[in-house]
Amino acid sequence: MPQTMKFALFGNTYQERKSAHVTHLLEILRSKGAEICISSEFYSFLMHHSRANLCGLDVFEGSDFTADMVLSIGGDGTFLKAASRVGDRGIPILGINTGRLGFLADISPDQMEEAFEEIYQGRYQAEARRVLQLTCEGQPLKGYPYGLNEIAVLKRDSSSMITIHAFVNGNLLNSYQADGLIIATPTGSTGYSLSVGGPILVPQSGTVTLTAVAPHTLNMRPIVLRDDWEITLDVESRSHNFLVSIDGRSETLHEGTRLRVCRAAHDVKIVKRLSHTFFNTLREKMMWGLDTRI
């Protein structure tokens, strides 16, 4: 591990009271002689809503940065935005959780000093997490086409459901009549997918899960597939349009647009402390084994 490290900072720009942790983070990084750059929107937020010492920070726009490690300060939503800025460059991302649950951002503010001590000693792991890619036939996708958590197809109206014809490697899997369909990676299996009854997938499993949102038939169940298989979706809608959501970024598409979902050519690297295992995180975040009657 180089003695001088460069960190790129991304952060939550909505909750003023949580910006106090940035002051402590900057103190830790400066004590180690780190180079620090910061996204322009987070810098602007801190200028107006915090007393953090921002002197000497390099401010960058969009994805125009280089770093040894990216720091995401917020919740999992902030982490996903940071991951989209990193793209396919393979820069490892550390999530510092100032949100609520935090499966991606799992370093708490009171663990920062220990965590950075371990990072500077090279005692951490950068887990490679699979990413999904969406391509559209018939209508170009405007936004970033890669999802670390999930790609979801959802009805656009509040009234009628949609029909989603799903094919796997060209073979019909099922026609879903539902409010939507979520294709989740193992990383995203503890997010939106879990909230609608999807299974938890181990990060290294090489799988994805398809889970319907409010299906019209009660016998509709999630299915787990290999992540190197191609999934094709054709959507029918009474309003002749529908939503596609990639890690929470939504676009309206027209009926007749064919969607193809496959594994992306790149991974996203998530920094984990050696003492933090996936099963530890499940027990802590989901309170497994806790008797709620007490």
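The present account deals with the structure reproduced in this document. Just so we're clear, the structure is a prediction, and the values are computed from it rather than from any experiment.

## Notes on the overall build of the chain
Here is step 1: The helix and strand tally for the chain stands at 6 helices and 19 strands.
Here is step 2: Its C-alpha radius of gyration of 20 Å places the chain within 12% of the 19 Å reference for a compact globule of 294 residues.
Here is step 3: Taken along its principal axes, the extent of the C-alpha atoms in the chain is 60 × 45 × 35 Å.
Here is step 4: Looking at the chain residue by residue over its 294 residues, the buried ones come to 49%.
Here is step 5: Of the roughly 14,100 Å² of accessible surface on the chain, a fraction of 49% belongs to carbon and sulfur atoms.
Here is step 6: Side chains of the chain carry 29 positive and 32 negative charges; the gap between the two charge centres is 3 Å.

## Section: the environment of G180
Here is step 1: Take G180: it is sitting in strand β12 (residues 180-184).
Here is step 2: For the pair G180 and F242, spaced 62 residues apart in the sequence, the C-alpha separation amounts to 9.3 Å.
Here is step 3: What G180 contacts, discounting residues up to four positions off in sequence, is V153, L154, I162, I164, T211, A212 and V213.

## Some details on the pattern of salt bridges
Here is step 1: Using the criterion set out here, one finds 13 salt bridges in the structure.
Here is step 2: Residue D179 pairs with K155 through a salt bridge whose shortest N-O separation is 3.3 Å. Of this pair, D179 sits in the loop between β11 (171-178) and β12 while K155 sits in the loop between β9 (150-154) and β10 (162-168); the two residues are 24 residues apart in sequence, bridging distant segments of the chain.
Here is step 3: When its relative accessible area of 24% is taken as the criterion, D179 is described as partly exposed.
Here is step 4: Through salt bridges with shared partners, one network takes in E114, E118 and R273.

## Comments concerning helix α3 (residues 76-86)
Three- or four-residue spacings in an α-helix give side chains the same orientation, since the helix completes a turn every 3.6 residues.
Here is step 1: When α3 is considered as a whole, its buried residues turn out to be T78, F79, L80, A82, A83, S84 and V86.
Here is step 2: Check the buried side of α3 and you find it contacts β1 (6-11), β4 (69-74), β5 (93-97), β17 (249-254) and β19 (268-273).
Here is step 3: Positive backbone phi, at 65 degrees, marks G87, one or two positions downstream of α3.

## Some details on the packing of helix α1 (residues 20-31) against helix α4 (residues 112-120)
Here is step 1: Remark: α1 packs on α4, axes separated minimally by 10 Å, with the N-to-C direction vectors making an angle of 30 degrees. Between α1 and α4, the angle is such that the two are roughly parallel. Both α1 and α4 take part in a crossing whose hand is right-handed. Across the interface between the two elements, H21, H24, L25, I28 and L29 of α1 pack against M112, E113 and F116 of α4.
Here is step 2: When the residues that make up the contact of α1 with α4 are grouped by side-chain class, the tally is 5 nonpolar, 2 polar and 1 charged.

## Some words on the nonpolar core
If you look at soluble globular proteins, the nonpolar side chains tend to sit buried side by side.
Here is step 1: Among the nonpolar cores identified, the biggest contains 29 residues, and F7, L9, L25, L29, L71 and F116 are the most heavily contacted of them.
Here is step 2: At the level of elements, β1, α1, β2 (35-39), α2 (40-49), β4, β5 and α4 are the ones that each hand at least two residues to this core.
Here is step 3: With residues near it in sequence (within four places) discarded, F116 still touches F7, L25, I28, L29, K32, L71, L94 and I96.

## Considering the sheet that holds strand β18 (residues 258-263)
Here is step 1: Pairing within the open sheet is antiparallel, and its 6 strands lie in the order β8-β7-β18-β15-β10-β11. The open sheet has two edge strands, β8 (146-147) and β11, and neither has a second partner.
Here is step 2: Here strand β15 (residues 231-236) pairs with β18 via 3 bridges, running antiparallel. Along β18, the bridge assignment pairs L233 with L259.

## A few points about the sheet that holds strand β14 (residues 223-226)
Strand pairing in a sheet relies on backbone hydrogen bonds. The paired strands run either parallel or antiparallel.
Here is step 1: Spatial strand order, β14-β13-β12-β9-β16-β17: 6 strands in an open sheet with antiparallel pairing. What marks the edges here is a single partner per strand, and that holds for β14 and β17. In this sheet, neighbouring strand axes are inclined to one another by 20 degrees on average, regardless of whether the strands run parallel or antiparallel.
Here is step 2: Pairing of β9 with β12 involves 5 bridges; the strand directions are antiparallel. Counted as the bridge partner of E150 is A184 from β12.

## Observations regarding the pairing of β12
The side chains of a regular strand alternate between both faces of the sheet.
Here is step 1: Burial analysis of β12 places 5 of its 5 residues in the buried class, the great majority of the element.
Here is step 2: The two faces of β12 match: G180, I182 and A184 on one face and L181 and I183 on the other face are all buried.
Here is step 3: Taken together, the 5 bridges between β12 and strand β13 (residues 207-213) define a ladder with antiparallel strand orientation. Its bridge partner lying in β13, I182 is registered against T211.

Cut-offs applied
- Residues numbered from 1 in each chain as written.
- Predicted model: local features only at pLDDT ≥ 70, side-chain atom pairs only at ≥ 80, totals over all residues.
- Heavy atoms only, no water.
- Helix = DSSP H or I, 4+ residues; strand = E, 2+ residues; numbered from the N terminus.
- Rg over C-alpha atoms; globule rule 2.2 N^0.38 Å.
- Buried < 20%, exposed > 50% of the residue type's maximum accessible area, 1.4 Å probe, protein only.
- Areas by Shrake-Rupley, 256 points an atom, 1.4 Å probe, with all protein chains shown as cover.
- Lys, Arg positive; Asp, Glu negative; His and termini not counted.
- Charge placed at Lys NZ, Arg CZ, Asp CG, Glu CD.
- Contact = heavy atoms within 4.5 Å.
- Salt bridge = Lys/Arg side-chain N within 4 Å of Asp/Glu carboxyl O.
- Axes fitted to C-alpha atoms, helices over the stretch in contact; angles between N-to-C directions.
- Parallel < 35°, antiparallel > 145°, perpendicular 65-115°, else oblique.
- Left-handed = near helix turned anticlockwise from the far one by under 90°.
- Nonpolar A, V, L, I, M, F, W, Y, C, P; charged D, E, K, R; others polar.
- Core = buried A, V, L, I, M, F, W, Y, C linked by side-chain atoms within 4.5 Å.
- Pairing = 2+ DSSP bridges.

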